[in-house]
Amino acid sequence: MSFFRNLFKSVRPIWVIGILLLLGAIGWALDGLEAQANKSAANAGNLSAGMALTSMDTIKPPKATASKPAPNVDWAQERAVKSRLDAQEKSLNALIAQGNSQQAANGAVTGGLAGQLRSAAQQYQQTSQQYADIWAKGNCTTRANLAREAGDSAVASVEVVIAGADGDKISELNSRQSALSKARQAYLREAKANGELSSQDITSMRSTLVPRAQQFVKEATGLVTEVTGLLDQIRSQVGSLASPDNVIGSVTACAGGGGGGGGPEDIAKRLLSPVTSLLSLVQGLATSASGLVSDLGSLG
């Protein structure tokens, strides 16, 4: 009560009412920005997961060439593990779609679905490690690295779908996606240089994976535009709230320095860093998707 008595002693009531109404309007606007940030982050996680699973699908057995014999791989085991990966991919994609829908509708993923998502992603990661081990034993290093990175990236993607605009999880996914892109590029370039891919595999990859990659480019480009606009709005709010004559400062001054910590200014500042990281992530996804289209197109 002392806060409000001091407030009304120091400032005309009509100004107090105006300040409080303006703060309420800013708060509502920032709540909307926060919901949009979570939705955009979940969309980026969904796109990133698609990139990871598609990257796994680029791994094909190398054919024997005059300069390089077929690797010493247990092919029955390779086919069995790849079949498990394919089945897990379908299940994971379905769960991610549910998570995306919940983020869009409610601003959060339910605890039950979050548990299912993490379990499915971890299972996929474990199977991808088994797949990587098969290729490593056959001295197919780039295939092993790609399989491992695809599994790790899938797990990081799911965490962003669940968490939304969490700066640490977005930064981790950005790092994982960068490593995945490098591993995929190294594998495809080596396979092309050594003539390791059969004409049937090249034809199959062009018909099934190139359309996927082109869709990723479209989605990533849209996300870059979306997140850029979102970040501009957040920066605008932070700038206006931090200006010398902002309403937050007015209320604080009227209160004699009391309180401080929660409100529109904190919401805006809290969003600034994760959404900046999110923009970096979606820009990287756009570049990676374009690179995938180019690399697949140059195989033949």
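Above this text is the structure in question.
K.L.:
Would you mind going over the pattern of salt bridges with me for this structure?
P.N.:
Two side chains carrying opposite charge are able to pair once their charged atoms lie near each other. The final tally for this structure, using the stated rule, is 10 salt bridges. Glu 159 is paired through a salt bridge with Arg 118; the nearest N and O atoms lie 2.8 Å apart. Here Glu 159, found in helix α5 (residues 141–163), pairs with Arg 118, found in helix α4 (residues 111–137); they are 41 residues apart in sequence, far enough to count as distant. Here Arg 176 makes a salt bridge to Glu 149, at a shortest N to O gap of 3.0 Å. On the criterion of sequence distance, the pair formed by Arg 176 in helix α6 (residues 167–194) and Glu 149 in helix α5 is long-range, its members being 27 residues apart. Residue Arg 176 shares its accessibility class with Glu 149, and that shared class is buried. Connected through salt bridges with shared partners, the residues Asp 57, Lys 82, Asp 86, Glu 89 and Arg 212 form a single ionic network.

K.L.:
Where do I start with the packing of helix α3 (residues 75–106) against α5 in this structure?
P.N.:
When two helices pack together, their arrangement is given by the angle between the helix axes and the distance between those axes. It is the contact of α3 with α5, at a shortest axis distance of 9 Å, that shows an interaxial angle of 25°. As the angle between them shows, α3 and α5 are arranged roughly parallel. Relative to α5, the crossing made by α3 is left-handed. Touching Leu 92, Ile 96, Gly 99, Asn 100 and Gln 103 of α3 are Ala 154, Val 158, Val 161, Ile 162 and Ala 163, all from α5. Considered class by class, the residues forming the contact of α3 with α5 number 7 nonpolar, 3 polar and no charged.

The rules behind each value
Residues numbered from 1 in each chain as written. Predicted model: local features only at pLDDT ≥ 70, side-chain atom pairs only at ≥ 80, totals over all residues. Heavy atoms only, no water. Salt bridge = Lys/Arg side-chain N within 4 Å of Asp/Glu carboxyl O. Helix = DSSP H or I, 4+ residues; strand = E, 2+ residues; numbered from the N terminus. Buried < 20%, exposed > 50% of the residue type's maximum accessible area, 1.4 Å probe, protein only. Axes fitted to C-alpha atoms, helices over the stretch in contact; angles between N-to-C directions. Parallel < 35°, antiparallel > 145°, perpendicular 65-115°, else oblique. Left-handed = near helix turned anticlockwise from the far one by under 90°. Contact = heavy atoms within 4.5 Å. Nonpolar A, V, L, I, M, F, W, Y, C, P; charged D, E, K, R; others polar.

In short, geometric facts, not functional conclusions.
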